[in-house]
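Residues per chain are reported as follows:
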Amino acid sequence: MGKKIKKEVEPPPKDVFDPLSVESKKAATVVLMLSSPEEEVVSKACESLYKFAAKGDENKLTLLELGAVEPLFKLVTNEDPIVRRNATMVLGIMASHNDVKKSLRQLDVTQAFIARLAPEEDVVIHEFASLCLAHMAVEYNSKVQIFEQGGLEPLIRLLNSPDPDVKKNSIECIYSMVQDFQSRAAVRELNVIPPLLDLLKSDYPIIQLLALKTLGIITIDRETRVMLRENQGLDHLFKILETKEFNDLHVEALGVVANCLEDVDTVQLIQETGGLRKLLAFTEVSTLTDFQKNAAKAIAKSAYDPENRKILHEEEVEKCLVALLGTDNEGTKIAAAQAISAMCENLASKQVTGTLGIPQLVQLLSSDNEEVKEAAATALVNLTTAHLGNASAVAEADGIEPLISVLSSRRDGAVASAATVLTNLATQEPLRLSIQSHGIMSAIVEPLHSSNSLVQSTAALAVAAVGCDADARAELRNTGGLEPLIKLLQSRNDEVRRNACWAVMVCASDEPTAAEMTKLGALDILEDINLSIGRKNNFSEVALDKILDHNLPQKYSQMGYLASSNIISDGFYDYGLVKRGIKLLSLEELSAQELNDRRAIILVNAKPPDTDVPPTTEDKPHDFPPRTSIGFRKASRERASSTDDKPDSPGRSSVSKGSSREKGSRKGKGKKEEEKPKEEDTEHAHKVVEEVPEKAVWLPPFDPILLDYITEVSKTILPLASTQQQVIALAQFVADKMGGPIEREKLHEFSWELHISEIEFELRCNVVPIGKINKGTFYHRALLFKVLAERIGIGCTLVRGEYNRAWNEVKLIDESPSGIPGLLIPPQVFIVDLMFQPGHLMKEGTAEADSYRRI
């Protein structure tokens, strides 16, 4: 038998480890495996981490806390393509977490991920590398890094990738990048338009949407719009708009079209192809509120160009906009009203819209939405500016009341616009009266208190527009509107200050308002404004003059000039020259002062005392009352009983005096009189008390001599045939009453100062009635001339010169022969000589006129 041979098995080499399958349920263990030198272990660890991270943000944060980000980032550049792919996948999905993004920025990962976009890389790496960059590009610093490291070019190249996820991630990253103007210019240079238009044909709505959003951003630049037009991009956009299945893309597509509508060439192209009419028709019937709103915004943006406005008007855009005013969406109403405002720059469009849309805009003024009110009011501003027909249409649509209601709106823009519309309406008198009857002056007080300069300006302008009516001024005065108006004079805003001056000028047309303004400090403020070259304006000087027109003593003392329209009335007084800012005391206060060495105050008052009440002893006619009772007309108890008895002493009441008189009379009368019923005394006392006012009324002292002058010139000079004859005769009359003609060489010997001082001493008062002056110099004669001239209908000025000079200017027709019969010659200014050759007329601008005004 043969012997069996036993075969021995050789053991494996001692340095070879048998394959081991490792399972771990802890993420920390897997993270540690990322440091393994074996690619297979690392690859499988990355796969496990990817599945773990994909479950939610908490897991992503857990991996970050376990320190997985840094080893994963190192693996992104690993030589093994599978490890590189799997690591990129993990970081791509983890980058959606903000804390992870922050960690990646600190590691400066953008360059590595841009490198993964190379054509030779796997499509999965393209997907997740672009995904990571898309997440990173949300942050500004990362955008800058991607731009500077040349990331845009490979991203644009990947727009042509066959993989939809790569396209989606790449366009999303580009969309974030082009928010910055540098990237917008760069993608244009990289010819991004063709691949973007190709993406519009994608089967995936998210890719189409991102492409449209990106186009909406980059077409902000005109050069890009030109490229879009050259690549027939508008055709692609209108195909989307015409396709109902693309409803979810219509708003974004319209946004791109809206940008293109800014260019006249594009608008013309769309008009020629019929696209513009289609767009307007689609907008009008669309059920997408955002589409309608954005369409209106697009029209408004396009309408800022005059050529575009013309084209839009030709396509009857007004009908579409008015239809949008009637939608239920507040945003659409606002956008439509804003578009109407823009289109109003075209006169024809303004006319059409006024006819069609004013009633609807007026209705929107009563909306509960403040922004709608503002937009409607602003549209009405543009419709009514320089268009009387539209202004009337607003009133016919019952728009005045809601406009006044908008003045109390919480939005400053709405208030300013409402005030402007009312101002536009107020240019027509019937509408102005209607506005006034609705209480605009009461409603405008609150806007005058506003801190917004636009509201202040428009409110003041509205006051100027309506304040030309006396009732409106009274309403403003009674509702406290003058105080905030005067405060606006001190505004640092030029427009506010100008309009406030305008309003003050208009409102100062009546004495009560002017007096109230003076109390509120308007004179001081306006004087200060007029002293400043930078702050004074066309209305500030006129406003000051208008206020002073109702305070002629102040005006003459301050300005040294009274125009022919400044008629001197009884109660006027010449205080002399005062500096700007100095307020004159009242005549009553001046009359009560002790006699002093200041120049005399010349009074004009030819108004006789009241004749309905018999004068008391104090009021009996005499040249001038004593200083202690100067000018007081005591409508008092003494006067009430003066027809029966003389008062015991001035100042005692008639009731007490009556009792004293009755006691005195009883002493000499019989018992029968003493037993008269007390009821008669009581009735008499009650009757007297009822007739007595509570306070004594102060009136200026009466100047009977001046009244005689007026009577005399009315009888002797007024009937003369011509104005020139009247002026000459009046000048001679004045000179005769004031000391006669004076030789020029002996002017210094004319002692008028002593004469005035004697009158002051005689009256024991600084106030001197002009009629008592028998020796008067230039300024006395000039004042008397103007007073008398105005009483007989002759207009003349009163000008104060230096060193007691004053003169009058009159306008007369030069009667020198012209040689042409019937020729109408404009009147010329003459200065009237009242001192040297009374009645001599000196033509303004001549040497003799200049000599008369100088010493």
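Along each chain, the written sequence defines residue order, and numbers are assigned to residues from 1. Where totals are concerned, whole chains, interfaces and linings use all residues; where local detail is concerned, this predicted model gives features only for residues with pLDDT of at least 70, and gives and counts side-chain atom pairs only at 80 or more. Excluding hydrogens and water, the side-chain figures rest on all heavy atoms present in the structure.

Draft legend 1. Seen up close, the packing of helix H14 (residues 205-218) against helix H17 (residues 247-260). Contact geometry for H14 and H17: axes closest at 8 Å, N-to-C directions at 20°. Compared by their axis directions, H14 and H17 come out roughly parallel. Remark: the crossing between H14 and H17 carries left-handed chirality. Of the residues in H17, those touching H14 at Pro205, Gln208, Leu209, Leu212, Lys213, Leu215 and Gly216 are Asp248, Leu249, Glu252, Ala253, Val256 and Asn259. Lines are fitted to the C-alpha atoms to define the axes, a helix being fitted only along its stretch in contact, and any angle between axes, read from their N-to-C directions, falls within 0 to 180 degrees. Runs of H or I in DSSP of at least four residues are treated as helices and runs of E of at least two as strands, each being numbered from the N terminus. Oblique is the label for every angle not falling under 35 degrees (roughly parallel), over 145 degrees (roughly antiparallel), or within 65 to 115 degrees (roughly perpendicular). Two helices crossing with the near one rotated counterclockwise from the far one by less than a right angle form a left-handed crossing, whereas a clockwise rotation gives a right-handed crossing. The criterion used for residue contact is that any of the two residues' heavy atoms lie within 4.5 Å.

Draft legend 2. Structural context of the sheet that holds strand S2 (residues 572-574). DSSP bridges decide pairing: two strands pair if at least two such bridges lie between them. The strand order S2-S3-S6 describes an open sheet built from three strands, whose pairing is mixed. At either margin of the open sheet sits one strand with a lone partner, and together these are S2 and strand S6 (767-769). On average, each strand axis in the sheet is inclined to that of its neighbour by 30°, with strand direction left out of account. Examined bridge by bridge, S2 and strand S3 (residues 601-604) share three bridges and lie antiparallel to one another. Paired with Phe572 across the bridge in S3 is Val604.

Draft legend 3. How the structure looks around the sheet that holds strand S11 (residues 841-843). Strand order in the open sheet formed by three strands is S9-S10-S11, with antiparallel pairing between adjacent strands. Each edge of the sheet is formed by a strand with only one pairing partner; in this case those strands are strand S9 (809-812) and S11. For this sheet, the mean angle separating the axes of adjacent strands, direction not counted, is 45°. Strands S9, strand S10 (828-832) and S11 of the sheet are contacted by helix H46 (residues 723-737), whose axis makes an angle of about 155° with S9.

Draft legend 4. Seen up close, the packing of aromatic side chains. In this analysis, rings of Phe, Tyr and Trp, with Trp reduced to its six-membered ring, are considered paired at centre separations within 6.5 Å, and the interplanar angle assigns stacked below 30 degrees, edge-to-face beyond 60, and tilted for intermediate values. Under the definition given, this model contains nine aromatic pairs. A connected cluster of aromatic rings, assembled from ring pairs, spans Phe778, Phe836 and Tyr852. Lysine and arginine charges are scored as sitting over a ring when NZ or CZ, respectively, is within 6 Å of the ring centre and within 35 degrees of the ring normal. The side chain of Arg800 reaches across the aromatic face of Tyr556, ending 4.0 Å from its centre.

Draft legend 5. Spotlight on the nonpolar core. Leu380 and Leu407 are the most contacted members of the largest nonpolar core, which totals 179 residues. In contact with Leu407, not counting residues within four places along its chain, are Val415, Ala418, Ala419, Leu422, Ile440, Ala443, Ile444 and Pro447. Listed in part, the 69 residues of the second largest apolar core include Phe572, Tyr575, Trp698 and Val713. As used here, the term nonpolar core means buried Ala, Val, Leu, Ile, Met, Phe, Trp, Tyr and Cys residues forming a set that is joined through side-chain atoms within 4.5 Å. Each residue is assigned to one of three classes by its accessible area relative to the maximum for its type, calculated with a 1.4 Å probe on protein chains only: buried under 20%, partly exposed between the two thresholds, exposed over 50%.

Draft legend 6. Inspection of the pairing of S3 at higher detail. Alternating positions in S3 separate into two faces, Ile601 and Leu603 on one and Ile602 and Val604 on the other, with burial throughout. Looking at chain direction, S3 and S6 are connected through three bridges and run parallel. Note on S6: the bridge partner recorded for Leu603 is Pro769.

Draft legend 7. Fine view of helix H47 (residues 752-763). Here a helix's expected span is defined as the number of its residues, less one, multiplied by 1.5 Å. An ideal rise of 1.5 Å per residue puts 16 Å on twelve residues; H47 measures up with 17 Å between its terminal C-alpha atoms. Every buried residue belonging to H47 is among Trp752, His755, Ile756, Ile759, Glu760 and Leu763, and all of these are buried. Taken down its axis, H47 places every buried residue within 140° of arc, on the same side. More than 90 degrees from the buried face of H47, the exposed residues found are Leu754 and Phe761. Packing partners of the buried residues in H47 comprise S6 and helix H48 (778-791). Arg764 sits one or two positions beyond H47 and adopts a positive phi of about 55°. It is the directions from the helix axis to the C-beta atoms whose arc is reported.

Draft legend 8. Focus on the side chain of Thr777. Mapped onto the fold, Thr777 is located in the loop between S6 and H48. Residues contacting Thr777, with those up to four places away along its chain left out, are Phe750, Trp752, Asn804 and Met835.

Draft legend 9. Quick peek at the pairing of S10. Judged from the four bridges that link them, S9 and S10 form a sheet pairing that is antiparallel. In the strand pairing of S10, Leu812 is matched with Gln828. Here S10 runs beside S11; their pairing, made up of three bridges, is antiparallel. Counted as the bridge partner of Ile831 is Met842 from S11.

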